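Listed below are the residues making up each chain.
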Amino acid sequence: MVKLQLTTVGSTRRQVLELPSSQVQVSEVRRMVEKELGLPYERLKLVVGGKTLEDESKGKPVTVSFVDGDSMIAIVAPKAPPKHITTRNEDDEDDEDLRFKLHEAASPMQKYIATIMQEKLKIPDLVLTVFFLLSLRAWLLIIIWFLLAPLAHQWDLGPVYIIVTAFSIIVFNLGKRQAGEASAYSIFNEGFRELPGTLNAERLDRDIRAGQF
């Protein structure tokens, strides 16, 4: 009879495992460890001398020799993730991020239109994302712009039409300042007041005279 020092991963406590002989098949040792410690046989791995013991080699049972005092570590391999998780890869996760998702605060009409476009018309997610990115007002302006474009071309006002459109986009997207909020452009502020930290010729001259350059 041979006595082994058995240790499990995650525990410093050692137990004595008695083998019937010095030469034992690995599968038999695993059965003994399963019975002694109550560990699952299917996921049980045995390590001796830094090497994992295999039940079979080239289709034949593996027999290992032990001597009194040998140390053996029992490891329980983690359970494999569910199949529906293992089949997902990074590409699937990227595709999930690219799929169209309507904002939770969307109106019932928007949800209804999105359902029709996505399920019945089978419109691609990218097109749906762009479509719902703009407001209804923005789409009306775009439609009106395309309706007026042929008239501007007919009257030879194409370049002027485009320039006016560009300036209109800039002006209407400047936003609105709150009461007391200063503009980044001093010309729009009372007394031409500048924002703190603004770099201009006066400040450069002052820094040079102070020897900070």
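Figured I'd write up the structure that's included with this text. Everything quoted here is computed from the prediction, not taken from an experiment.

Scoring rules and cut-offs
- Residues numbered from 1 in each chain as written.
- Predicted model: local features only at pLDDT ≥ 70, side-chain atom pairs only at ≥ 80, totals over all residues.
- Heavy atoms only, no water.
- Patch = residues over 30% accessible without salt bridge, like charges linked within 9 Å, V, L, I, M, F, W, Y side chains within 5 Å.
- Areas by Shrake-Rupley, 256 points an atom, 1.4 Å probe, with all protein chains shown as cover.
- Salt bridge = Lys/Arg side-chain N within 4 Å of Asp/Glu carboxyl O.
- Helix = DSSP H or I, 4+ residues; strand = E, 2+ residues; numbered from the N terminus.
- Pairing = 2+ DSSP bridges.
- Contact = heavy atoms within 4.5 Å.
- Axes fitted to C-alpha atoms, helices over the stretch in contact; angles between N-to-C directions.
- Parallel < 35°, antiparallel > 145°, perpendicular 65-115°, else oblique.
- Left-handed = near helix turned anticlockwise from the far one by under 90°.
- Nonpolar A, V, L, I, M, F, W, Y, C, P; charged D, E, K, R; others polar.
- Phe/Tyr/Trp six-rings, centres within 6.5 Å; stacked < 30°, edge-to-face > 60°.
- Lys NZ or Arg CZ within 6 Å of the ring centre and 35° of its normal.

What follows concerns a nonpolar patch on the surface. A cluster of nonpolar side chains, contributed by Leu141, Ile144, Leu148, Leu151, Trp155, Leu157, Val160 and Val164, occupies part of the molecular surface with about 750 Å² of accessible area. For the nonpolar patch, the secondary structure elements donating two or more residues are α6 (136–154) and α7 (158–172). Broken down by element, the residue count for the nonpolar patch peaks at four residues, all from α6. Along the chain, Val160 turns up in helix α7.

Here we come to the sheet that holds strand β1 (residues 2–8). Taken in spatial order, the five strands make up an open sheet running β2-β1-β9-β4-β5, and their pairing is mixed. Two strands bound the open sheet, and with one partner strand each, they are β2 (14–19) and β5 (51–52). Each of β1, β2, β4 (44–48) and β9 (71–76) touches helix α1 (residues 26–37); the most contacted strand, β2, lies at about 135° to it.

Next up on the list: the packing of α6 against α7. Contact geometry for α6 and α7: axes closest at 9 Å, N-to-C directions at 150°. Taken together, α6 and α7 sit at an angle that is classed as roughly antiparallel. In terms of crossing hand, the pair formed by α6 and α7 is right-handed. Residue-level contacts link Ile144, Trp145, Leu148, Ala149 and Ala152 of α6 to Gly158, Tyr161 and Thr165 of α7. Its residues assigned to classes, the contact of α6 with α7 shows six nonpolar, two polar and no charged.

We now examine the packing of aromatic side chains. Scanning all chains against the criterion turns up two aromatic pairs. Between Trp145 and Phe146 the ring centres are 5.1 Å apart and the planes differ by 85°, which places this aromatic pair in the edge-to-face class. Ring-pair connections join several aromatic residues into one group, and the members of that group are Trp145, Phe146 and Tyr161. The ring of Tyr41 is capped by Arg30, whose NZ or CZ atom sits 4.1 Å from the centre of that ring. Of note, Arg31 hangs over the ring of Tyr41, and the distance from its end group to the ring centre comes to 3.6 Å.

Side-chain positions along a regular strand alternate between the two faces of the sheet. As judged from the six bridges shared by β1 and β2, these two strands associate in the antiparallel manner. Across the sheet, Lys3 pairs through a bridge with Glu18, a residue of β2. Pairing between β1 and β9: four bridges, direction parallel. Pairing of Thr7 across the sheet is with Ile73, part of β9.

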